[in-house]
Every structure is written in structure tokens, then in C-alpha cells.
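Topology and contacts: notes
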Amino acid sequence: MAKKVALLQGNEACAYGALYAGCSFFGGYPITPSTEVAEVMSVELPKVGGTFIQMEDEIGAMASILGAALTGAKAFTATSGPGMSLKQELIGYACIAEIPCVIVNVMRGGPSTGMPTGPSQSDVMQARWGTHGDHPAIAIAPSSCQEIFSETVRAFNLAETYRMPVQILLDEINGHMRERIELPEPGDLEVVNRQQPTVAPEDYKPYDHAQGDIPPLASFGSEYRYHVTGLNKAADGFPTSKPELVDAEERRQLRKIEANRSLIEKNEEYRLEDAEVILVAYGTISRSARSAVDHLRKDGIKAGLFRPITLWPFPEKRMTDLAEQARAIVVPEMNLGQLILEIERVTRRVCPVAGIGRVDGEPITPAQIVAKVKEIL
Amino acid sequence: MAFDYEQYLRPGKLPHIWCPGCGHGIVMKGLLRAIDRCGLQKNNTAIVSGTGCASRLPGYVDFNTLHTAHGRAVAFATGIKMARPEMDVLVVGGDGDGIAIGGNHFIHACRRNIDMTYVLMNNYIYGMTGGQFSPCTPTGDRTSTTPYGNPDPIFDVAKLAIGAGATFVARTTAFHATQIDKLITAGLRHKGMAVIEVLDDCPTTFGRRNKFRSVVEMMKRLKDIAVPVQTAGQMSPEQLQGKILTGILHQEHKPEYCDQYQQVIARAQTAAKS
Ligand SMILES: Cc1ncc(C[n+]2csc(CCOP(=O)(O)OP(=O)(O)O)c2C)c(N)n1
Ligand code: SF4
Ligand SMILES: [Mg+2]
């Protein structure tokens, strides 16, 4: 049977992806260029008995989704630049208390109010280090509208699997562009539901590492009753400052990612087999980079594209292996050099790494990339 | 018969962090008596707080408890209540937590008239951080950051809640221990946003800087300034100078937020069918 198709904006695809994943709670606050996500959720959630709430600010929105998530809901919020900055403290709360949730950040120019309607990719490092303290991070940067849909579903799966916040990074361009997408039928894409505890209620501990690195999270209102805090805590969820317990818990939280990189990391490769020049690009700009690869190939330059889909964790093993065979790596991004720092770090600069940065609110064009490659070769 | 507090306390979590003479413990006792009186079920009850000495309360009591970031308790609680309207949701916390950093969430929860009960322990100081002034510290008083006397005017928490739209607003003090549980009981039974402000004391960081020689003296002040709202009508403005009104200050019935949202769901589903 032919799939249902729709012409959807990236932001809309993101919202429909969330619904496909089983999202039942959205708490938001309007901000350009993310608002369409909230608008779709306000239309669709009540139809399925879910909740849409517009809170008084982004901090409240973040708090509301964490409260909802603790009752078992798959919870979601959408924002951009200034709103993302406001959410940071509670993203840390979600990390330490290990509460699943999904946040889409439709990136716009900054800092501060910046360029509300201009595209940007300048929150890459914020997505990794935005909240204070050591903490795990998962951030996904899809490119096409189809991929925004499917990666949003995966973002919910990862959040529920690893009990943590997951960020989706779009930008003003792929958030607003419209593309024809095939709408997956139920069952086409994997949907992961939260693991439930099986122990007797009196034995339940919300951070019981005896259950593995990712202990099951019970729902408020169920037969399990427990305590949640933003303080460093022991397995039973109550605060502790015992050095060995604090250390073990912090390390376990990072291990959730480190031990499962191969299950979380995702990237796409285009014409890399014999590539001497590797373009590394993500999100919207990967589309320019892909067409730059074709141009360069026509001109006899062996170029290829490495497109990380998870920016965090960064697919570092694959990147490092590829760097061994390359003459140069070129990293176009709509910021003044963020993901390039990670690429330099993981490849230890075995070959020259050059960046193309753009922050004037215009996308990086294929011609710009071609010119840069020719310049450095 | 003496009330059995232990049935609601988590085993092994005492002693609490509160200083001797701190008013927060008295409020906790009143809260537990009210919960008992209303027959709330442990599994179906969530108690949410922000950060501060007062906000440590949830850790001691045996319910679904959530100790969140400074100021954000009501917003977390809103998420819980909206996602699971059948749960009984309570918020507890201090004056700094609820009225300074959390003020925006506080007024909007009042405006929505969401069905929860907020017990605000107003010791008019930031106790946990060592006694800096809060929006409830009386003008002129000394705190660690108002060494020359506080230049700020105060927020009247009850008036703020009424103005913002809360449909049940009450006030008492830690001295009036039996009134605490009566007012919280009434708040729990009220459908809509119920705010119960309990004036209490921080002898450790406020008392000593403001020449209170003992906890008893601070308690005596709470006793002296409280005027039951029923008797205030017979008093002159001069007599009411420096006093605070206690009791149920405001109660009205307005549509509750979760109910309103159920209607949104009904309208959306009807529209989807047609
Ligand atoms: C975002 C943030 N800012 C500041 C603090 C520091 N802090 C912790 S508790 C507190 C004040 C608590 O005062 P109150 O809510 O009145 O509670 P009390 O300790 O008096 O019971 C402050 C300022 C914090 N934890 N988080
Ligand atoms: S510092 Fe003040 S508010 Fe905190 S526990 Fe001690 S007396 Fe209570
Ligand atoms: Mg206080």
C-alpha cells in the first residue's frame, strides 16, 4: 500500500514525530523560530487526550515537562536561543534526577535576542555543556523533514531508554522549510516505552545501580512511591554527600552514554570511500556540503561528506578512522567554530582541519564550500 | 489520643536539618495532621518543593516527593497535576523560593486556579543561605545583605495570591499550631488553587541579627501581631498598625484549570470527529 504523504514544515514534522512516539505532554512558551511545534501540539494533543500547556516562561515550561514525565508521560518542549538559555538549570535537574524528556531547540542567531528569524547552528556547544556540572548529553541534528520526523521519534526512544533529556537541534531553515514526507504507519518505526520496575514497592530504589546503569523509573501515582531531588543522591534517591557515593553516581550517569555509544551514535556518509577531502557538516548545512561534494568531484577533487546525526555523543571513532586517510577536513557550520573543536580534538589533527563559519543569518552555500576546499588544497 | 506522626514519616530520615527553634517543623506537623484529616492516600499524593530550608520538608514525609530547583516547585507541580489530575498535589516552600525567584510561577498558578494546595513558610528571610533579605523581610530590618537596614518594601503574600486569582487564601503563624492544620485542611478540601501562608521564624539567621534574645521571644511576637480576620473589623486602623490578619482571608469558587482543560479535550475531540 502506498504510504500517506504530506507536505510538512520541519517544525511540523518534529511535532508529528513526537506524537508518533507517544508524546502525551507538551509544556512550552512561544519563541521564533520554534513556535509551530507548540502550535501543532496544541491542536493535536487534546485530540488524543494529552495535555498542552503554555507556561509563563521557558523555565516553567521545562519544569512542567519534568513534573509530567515523573507521572509517566512522554514529555516534550520546544524553544530557541533565549529560551534555551533559560532552560539550562532544569536540563541539569533532568540529568541528575534522570528524568526522560525531549527538547527541540530551533537554533537562531545569538547571543541574546540575536536574530530571531535568522538561521544559526551556534548552540552546538551549549547542547553539550549548557548546564553547569558534569553531565551526560544527547543531541541530534537532523537534516531533512523526513529525518526530523524519524529522529524525533528516536529522540523520545533515547530519552526513555537512557532516562535523560535529549535535545534535537534544528535551525531556522530546516525548521521552516517544507518538504514532502512519507508518514510512517504505526509499527514502521520503533517506539520505546519506559521500563517499569518489577521489584516490590517497598524494595524500589529509583537509582538502584544493582539494576544496572539505567535503573527503571517508576511513575508518581503508581504503586511505587519515592523521593526525587536535585542534590547529589544515593541509590534510594535521598541526598548524600558521602564522597564515594557521589562519585559513583556521577560516574554512572556518564557511563549511560559512554557504555552505549554504538547504540546512540549515528552518522551518514556520502562518497567517502576514496575521499581525500572530508567535509563534516550537519543539519541544514549538510545539504550544501553534499552538493559541494558533487561539484568538487566533477572538478576532479575526491571529496566526501561525513554527516554526524548525533552531535553528542559525537561519532568519534568513525571520524578518527576517516581522518587517517584524509588530506584535509573542512567543517562548514553556521557559527564561528563549534563542532570543529570536537573534530580537532578527536582526530588530534592528523590532517589539517579548516572551518567555514558564517553568522550573518545566511546559509553557507555549496560555492562557498567548494572555494574553501580549493583554497586549502 | 496523641496523633501518630510516624505513620507519615519516612523511616531513617530523621533527624531533620532544621535548627532548634526553627518554625518549619511546626508547619510539617500541621501539614501531616491535615493530610490525615483529609484522608489523602500516600501513593496518590505528590508533595513538591523548591530549594531552601523549608523546601527540605518533602524528604521527610512518605509520599511521592519532589525536591526541585529554587523557585520552580509550582511549575513542576503544574506538570504533575495536568498529567495526572486525579493526584492530590501539594507544594511547600519558603518565602524566597515562592515569592522571589518563584514569583512568576506563583502568580500564574494562582491565575490558572489549578487544584493544588500551596503551604508557604514565610520566615521573611533566606534561611538556608545564611540570612539575606527576602521580599518578605520587613523594611528597616537587618540581614546579612542589609547591614544598614532593609530599604525594600515587602510583598504581602496573601494579597498577592488573592490579586493573582487564587480562590482560597489563608494565613496563620507557627505560634497558632492548631490553626495550621485546620487551614491546610480547608485548603485541601477547596477545589482550586489554595495558598496557606504560615508566618514562622528563623532564629538562627534572622533572630540573632534583630535582637531577639530567644525563640520564645520570636514566638511571642508572632502571637502578638496575629489578629483573627473576624475580629479585625472591630479594630481601628491605628490598632491594626503592624498586625497581620489570620484565618481564611479569601475563598471563592471559580472554574478549575484541569476541569477547563478537560473541556478543551472534549472540544478538540468533537471537532476532530466532524
Ligand atoms: C538558582 C538558585 N539561586 C540561588 C540559590 C541559593 N539559595 C538556596 S536556598 C535560598 C533561599 C531560601 O530561602 P527561602 O525560600 O525563604 O527558604 P528558607 O531557607 O528561609 O526556609 C537561596 C537563595 C539556589 N539554590 N539556586
Ligand atoms: S537556618 Fe533558619 S530557616 Fe533554616 S533551619 Fe535554621 S532556623 Fe530554620
Ligand atoms: Mg525563608
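Residues numbered from 1 in each chain as written. Chains lettered and ligands numbered in written order. Predicted model: local features only at pLDDT ≥ 70, side-chain atom pairs only at ≥ 80, totals over all residues. Heavy atoms only, no water.

**Observations regarding the overall build of chain A**
Cut-off, in case you're wondering: Segments assigned H or I by DSSP are reported as helices when at least four residues long, segments assigned E as strands when at least two residues long, and all are numbered from the N terminus. In this description the radius of gyration comes from C-alpha coordinates, and the expected globular size is given by 2.2 Å times residues to the power 0.38. Think of it in three bands: residues with accessible area under 20% of the maximum for their type are buried, residues over 50% are exposed, and the middle band is partly exposed, with areas taken using a 1.4 Å probe on protein chains only. What makes two residues a contact is simply this: any of their non-hydrogen atoms within 4.5 Å. Surface accessibility in these figures is a Shrake-Rupley result with a 1.4 Å probe; residues are shielded only by whichever protein chains are displayed.
Counting its regular elements, chain A contains 13 helices and 16 strands. Relative to the globule expectation of 21 Å for 377 residues, the C-alpha radius of gyration of chain A, 21 Å, shows essentially globular dimensions. Over its C-alpha atoms, taken along the principal directions, chain A stretches across nearly 70 × 45 × 45 Å. Buried residues in chain A amount to 60% of all 377 residues. Look at the contacts in chain A between residues 6 or more apart in sequence, and 77% of them connect residues 24 or more apart. Accessible surface computed for chain A: about 13,900 Å², of which carbon and sulfur atoms make up 51%.

**A look at the site of ligand 2**
Put simply, the rule reads: To be near a molecule or strand, a residue needs just one of its heavy atoms within 4 Å of it. When residues are sorted by character, Ala, Val, Leu, Ile, Met, Phe, Trp, Tyr, Cys and Pro go into the nonpolar class, Asp, Glu, Lys and Arg into the charged class, and all the rest, Gly among them, into the polar class.
As a matter of local geometry, ligand 2 sits amid Trp18, Cys19, Cys22, His24, Cys53, Asn123, Gly127, Cys202, Pro203 and Thr204 of chain B. Here the residues of the shell around ligand 2 are counted per class, giving six nonpolar, four polar and no charged.

**Side note on the site of ligand 1**
Threshold: Two N or O atoms form a polar contact when they lie within 3.5 Å of each other; inside protein one atom must be a possible hydrogen donor and the other a possible acceptor, and for residues adjacent in sequence the pair counts only when both atoms belong to side chains.
What surrounds ligand 1 is a group of 18 residues, the closest being His24, Cys53, Asp95, Asp97 and Gly127 of chain B. With respect to ligand 1, the chains having nearby residues are chains A and B. One of the backbone nitrogen or oxygen atoms of Gly127 of chain B is found 2.9 Å away from an oxygen atom of ligand 1. In isolation ligand 1 exposes 590 Å². Once the protein is present, 77% of that is buried. It is helix H3 (residues 95-101) of chain B that provides the largest number of residues to the shell around ligand 1, a total of four residues. The residue inventory of the shell around ligand 1, partitioned by class, reads six nonpolar, nine polar and three charged.

**Remarks on the coordination of the magnesium ion (ligand 3)**
Residues and elements named next belong to chain B. For clarity, the cut-off: Here the term donor refers to an N, O or S atom within 2.8 Å of the metal (or 3.2 Å for Na, K and Ca), and because water is left out of the atoms, sites may appear incomplete.
Distances from the magnesium ion (ligand 3) to its protein donors, Asp95 (OD), Asn123 (OD1) and Ile125 (O), fall within 2.0 to 2.1 Å. Summarised as a motif, the one-chain spacing of the donors to the magnesium ion (ligand 3) is D-x27-N-x1-I. Here Asp95 is found in helix H3, whereas its partner Asn123 is found in the loop between strand S4 (116-122) and helix H5 (157-164), with 28 residues between them in sequence. Here Asp95 and Asn123 have matching classes, each one buried.

**Some words on the domain arrangement of chain A**
Residue and element names in this part refer to chain A. Spelled out, the test is: Domain start and stop points were drawn from an automatic or database domain assignment. Summed over both partners, the accessible area (1.4 Å probe) lost when two parts come together is defined as the buried area. The salt bridge definition used is simple: a Lys or Arg side-chain nitrogen within 4 Å of an Asp or Glu carboxyl oxygen.
Domain boundaries in chain A define domain 1 (4-183), domain 2 (201-261) and domain 3 (269-376). Once you take the C-alpha centre of each, domain 1 and domain 3 turn out to be 26 Å apart. Taken together, the contacts link 27 residues of domain 1 with 24 residues of domain 3. Regarding the contact of domain 1 and domain 3, the summed buried area is about 2,000 Å², with carbon and sulfur atoms giving 58% of it. Broken down residue by residue, the surface that domain 1 buries against domain 3 is led by Gln121, Val124 and Met125, which jointly contribute 31%. Here domain 1 and domain 3 share two salt bridges between them. The residue Arg307 makes a salt bridge to Glu147 at a minimum N-O spacing of 2.7 Å.

**Comments concerning the nonpolar core**
Here is the rule: Here, nonpolar core means buried Ala, Val, Leu, Ile, Met, Phe, Trp, Tyr and Cys residues that are tied together by side-chain atoms lying within 4.5 Å of each other.
Membership of the largest hydrophobic core comes to 119 residues, with the highest contact counts inside it found for Phe76 of chain A together with Met193 of chain B. Split by domain, this core shows at least three residues from each of two domains, domain 1 (4-183) and domain 2 (201-261) of chain A. Ranked by size, the runner-up nonpolar core spans 30 residues in total, among them Cys22, Ile35, Ala54 and Phe168 of chain B.

**So, the packing of helix H4 (residues 103-112) of chain B against H5 of chain B**
Packed helix pairs are specified by the crossing angle of their axes together with the interaxial distance, meaning the distance between the axes. Residue and element names in this part refer to chain B. Keep this limit in mind: A fitted line through C-alpha atoms represents every axis, and for helices the fit uses only the stretch in contact; the resulting angles, taken between N-to-C directions, go from 0 to 180 degrees. Each angle is binned into one of four classes, with values under 35 degrees roughly parallel, values over 145 roughly antiparallel, values of 65 to 115 roughly perpendicular, and all other values oblique.
Here H4 crosses H5 at 50°, and the two axes come no closer than 7 Å. Taken together, the axis directions place H4 and H5 in an arrangement best described as oblique. Every residue of H5 that contacts H4 at Phe106, Ile107, Cys110 and Arg111 is listed here: Val157, Leu160, Ala161 and Ala164. Looking at the contact of H4 with H5, its residues break down into seven nonpolar, no polar and one charged.

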